[in-house]
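# Descriptive analysis of the structure
For reference, the chains in residue letters:
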Amino acid sequence: MTVIKRDFVPENTKSYYYTRPLSSGKAYFLEDANGKIFYASKNYIDEHLKVDYQRYRTLQFL
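This write-up is about the structure you can find in this document. In this text, all values refer to a predicted model and were calculated from it rather than measured experimentally.

## Brief notes about the sheet that holds strand S1 (residues 2-8)
- Across the sheet, three strands lie side by side as S1-S2-S3; this open sheet has antiparallel pairing. The sheet is open, and its two borders are formed by S1 and strand S3 (37-40), each paired with just one other strand. Averaged over neighbouring strand pairs, the angle between their axes works out to 30° when direction is ignored.

Structure (structure tokens):
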């Protein structure tokens, strides 16, 4: 899995690993080898992946 970005998601979006809703409304977008996109919480990223958080800031929209 590769982290591709961090952004907002709908309230009822489920976490890839924990299968609970991402209550913060924010998620890390993960892409697998087949190009499928999954959503993960910061907890998953902390526990399972080595990530530079500064690289995945939330995009600012005008």
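Structure's up, so let's keep going.
## Quick notes on the layout of surface pockets
- Empty space within the largest pocket amounts to approximately 200 Å³.
- Among the secondary structure elements, those contributing two or more residues to the lining of the largest pocket are strand S2 (26-31) and helix H1 (42-48).
- Of the residues in the lining of the largest pocket, the class split is six nonpolar, five polar and four charged.

## Considerations on the pairing of S3
- Burial of S3 is one-sided: the residues Phe38 and Ala40 facing one way are buried, the residues Ile37 and Tyr39 facing the other way are not.
- Alignment of S2 against S3, held across four bridges, turns out to be antiparallel. Bridge pairing links Phe29 to Tyr39 in S3.
- Joining the antiparallel neighbours S2 and S3 is a turn of five residues, in which Gly35 adopts a positive phi near 90°.

## Observations concerning the pairing of S2
- When S1 meets S2, the two strands line up antiparallel, connected through six bridges. Across the sheet, the residue bridging to Arg6 is Tyr28, located in S2.

## Details of the side chain of Ser15
- Turning to its location among the elements, Ser15 is positioned in the loop between S1 and S2.
- Note on Ser15: relative accessible area 5%, which makes it buried.
- Each residue touching Ser15, except ones within four places of it in the same chain, is listed here: Arg20, Leu22, Tyr39, Ala40 and Ser41.

What counts and how
Residues numbered from 1 in each chain as written. Predicted model: local features only at pLDDT ≥ 70, side-chain atom pairs only at ≥ 80, totals over all residues. Heavy atoms only, no water. Pairing = 2+ DSSP bridges. Helix = DSSP H or I, 4+ residues; strand = E, 2+ residues; numbered from the N terminus. Axes fitted to C-alpha atoms, helices over the stretch in contact; angles between N-to-C directions. 1 Å grid on protein atoms, 1.4 Å probe; cavity = no way out; pocket = protein on both sides within 12 Å on 5 of 7 lines; lining within 4 Å. Points joined across faces, edges and corners; volume = space filled by probe spheres on them. Nonpolar A, V, L, I, M, F, W, Y, C, P; charged D, E, K, R; others polar. Buried < 20%, exposed > 50% of the residue type's maximum accessible area, 1.4 Å probe, protein only. Contact = heavy atoms within 4.5 Å.

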